[in-house]
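Analysis of the macromolecular model
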Amino acid sequence: MRKQLSILIALSAGLLLFSAMLSLGQYTGVVAEAKGSANLRAGIGTETEVVGAIETGTRYPVIGRSAQFPWLLLGDVVTFAPIGWVFTDLVTVSGSLDVVPLSDINVAAATPPPPATFTPLPTLDPSVPTATLEPSSVPTDLPAFNVFGSVSGEINLRYGPGADYPRLGGAFAGDRLEIVGHHATLPWLMVSFPAAPNGVAWVSREVLEITGDYTSTRSITQTNFSSLPTLTPTPAVQQQSNVMRDGTPVPVSAPFAQLGSLMWDNVLASGFDPSKSKFAAMYLRNLSTGEEITFGNGYAFSGTSINKIAILTGLFSVVDGSPDFDTAGDIGNMIICSDNSATNDVLARTGGGDMYVGAERTTQILSRIGLRRTFITAPFDIPGVELPQPTSPIRYPDTDVDQVKAQPDVTNQMTVDEVGFLLESLYECAFQETGALLSRTTAFTPQECRKILYVLENNTVDAFAKAGVPEGTVVAHKHGWTSETHGNAAIVFTPGGDYVLVMMMFQPEWLVFGESLPLVAETSRMMYNFLNSSAPLSQIRDGFIPETASCNFTGSELAEQLASPFFLETNTGTP
């Protein structure tokens, strides 16, 4: 698993610092990180002295907030001594500001704070759902002033000159905004924004590097912006995936659609907003009714180790019934231990000795069942190991999804709905002897599909979707993560019905498990309770991620089962 050791070390270190902070009795669980860079000031307001600066990569405890203005007082990451005030829109806040005490103290000029060695784990960050905008029937006619603002980090565009106005959208590092006006008394600039009902948005002066004289633009003295057009609420979720299915899609019932809306609201409240750089995608299918809901399926994510499900499927497309005993051990190490060396061995077995050919054959079998946006084109990286070069140029599939926003690996990509369809196809093949793996190929048998699910079912990671159902519930799943992308793909077997859940989460540079693990678990719990309303689970379980240093399935009972032509079908959960 890529970067797994470093992630676990950093996670452990963060937990130690978190415990130390609690012992001081000063940590409220609220932290702030700069969106690019931000000035720290002695007091509240841009007219006060600059006493330091912060940059992306370090999270500082929020130790105070203004009662009247959107300014936060940050503290030193170790001593909690005040280091300066920052404008709210310049930072990303994790945690509820309601628990932060009010303050108006002034901070003396000091040396800019050094970056912290470790950062505290934040609590979940409640977030207000973003609004989408109806096109303006009468766009504002604004003159061009040749005044621009360059963006160095992620910023908010608002409906009026203040942080309390609704968020219209965002701008990102490298964006260049045309400044068409400025407020006469407030430190806010009006910029051209065609998506807004009136064609403009407001940005704090603090967040832009300005080219030209902004005072030459239109001066606005208006203080009441209540007459602006009403924003249209963001629609909840799509009710169908992008995957081409046989037959007519199953209509989504009102209760299931409402469940999807609740899940969507929870994702937004957890700080994963698709209009920002930190966002999530989900696919959910009720295997009893065929209803499905999804969002974010138009984005490609790094396949992480989740695409090892596809690699295992590719292997069984060339294996006649049962893998040999050594390959069976590699399967366990690939899926359960998430070992990349074993994964590359499986790819080589699929490709007749060539890992790149194995990746190509895996992608071909995915394409044959209708998956065009999920692929593997190369073996997995292994630190300190030089991989062989391909004997022919790598062919990258053309896809029609966004391959930029989540910064996906160019050789290993997936979408949530396609991985969900692969799990659904394995389920139908294993238990109903139907589905795309059987109808669109001749490479699989129901026993082979049951073996694949048997391995996924033995995954020892008791987190993500599995932590959202009662202990002992059968869950066939695969986890995967890099420093910035976390995900889980699962089939959950419950008394009230079975379901497929796939979730991917992304945050540039670093995504903490304290945010991703509970989000997937809570989404899974909501679906479990929907299907089992007479015996609901009151809250998610803590769950755990086991150590993998001693994980080894070579010569194991699991390997014996996979290699056996007399595989015990009762080993896998049944619908």
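For the structure given in this document, a descriptive report is provided here.

Rules of the game
Residues numbered from 1 in each chain as written. Predicted model: local features only at pLDDT ≥ 70, side-chain atom pairs only at ≥ 80, totals over all residues. Heavy atoms only, no water. Disulfide = S-S within 2.5 Å. Helix = DSSP H or I, 4+ residues; strand = E, 2+ residues; numbered from the N terminus. Buried < 20%, exposed > 50% of the residue type's maximum accessible area, 1.4 Å probe, protein only. Pairing = 2+ DSSP bridges. Phe/Tyr/Trp six-rings, centres within 6.5 Å; stacked < 30°, edge-to-face > 60°. Axes fitted to C-alpha atoms, helices over the stretch in contact; angles between N-to-C directions. Contact = heavy atoms within 4.5 Å.

**Re the state of the cysteines**
All chains considered together, the criterion is met by two disulfides. Put simply, Cys337 and Cys551 are joined by a disulfide, and their sulfur atoms are 1.8 Å apart. Across the disulfide from Cys337 to Cys551, rotation about the S-S bond amounts to roughly -80°, and the bridge is consequently left-handed. With Cys337 in the loop between helix H4 (325–335) and helix H5 (340–350) and Cys551 in the loop between helix H10 (513–531) and helix H11 (557–563), this residue pair connects regions lying 214 residues apart in the sequence. Residue classification places Cys337 among the buried residues on the basis of a relative accessible area of 7%. Across the disulfide, Cys429 is cross-linked to Cys449 (sulfur-sulfur distance 2.0 Å). The sign of the 80° torsion about the S-S bond sets the Cys429-Cys449 disulfide as right-handed.

**Considering the sheet that holds strand S21 (residues 375–376)**
What the three strands build is an open sheet, ordered S20-S22-S21; its pairing is antiparallel. Both outer strands of the open sheet, strand S20 (301–302) and S21, are each paired with one neighbouring strand and no more. Sheet analysis places S20 next to strand S22 (residues 412–414), joined by two bridges and oriented antiparallel. Paired with Ser302 across the strands is Gln413, a residue of S22.

**A short note on the environment of Phe567**
Mapped onto the secondary structure, Phe567 falls in the segment after H11. For Phe567, a relative accessible area of 5% gives the class buried. Between the C-alpha atom of Phe567 and that of Gln447, which follows or precedes it by 120 residues, the distance is 7.6 Å.

**Things to note about the packing of aromatic side chains**
Here the structure, examined in full by the defined rule, presents 13 aromatic pairs. Centroid distance Trp481 to Phe513: 4.9 Å. Interplanar angle 85°. Geometry classified as edge-to-face. Linking Trp481 in strand S23 (residues 474–481) with Phe513 in helix H10, this pair joins segments that are 32 residues apart in sequence. Judged on exposure class, the residue Trp481 and its partner Phe513 are both buried. Here the aromatic residues Phe279, Tyr299, Phe301 and Phe506 are joined through ring pairs into a cluster of three or more.

**Some remarks on the sheet that holds S23**
Sheet architecture is open: five strands sit in the order S19-S18-S25-S24-S23, paired in antiparallel fashion. Bordering the open sheet on either side are strand S19 (292–295) and S23, each of which pairs with just one other strand. Across this sheet, the average inter-strand angle for adjacent strands is 5°, counted without regard to direction. In the sheet, S23 pairs with strand S24 (residues 485–493) via eight bridges, with the strands oriented antiparallel. Note that in S24 the partner of Ala476 across the bridge is Ile491. Of the strands in this sheet, strand S18 (279–286), S19, S24 and strand S25 (499–506) touch helix H7 (residues 416–431), which is tilted by about 155° from S25. Across the sheet, H10 touches S18, S23, S24 and S25, and the angle it forms with S25 is around 160°.

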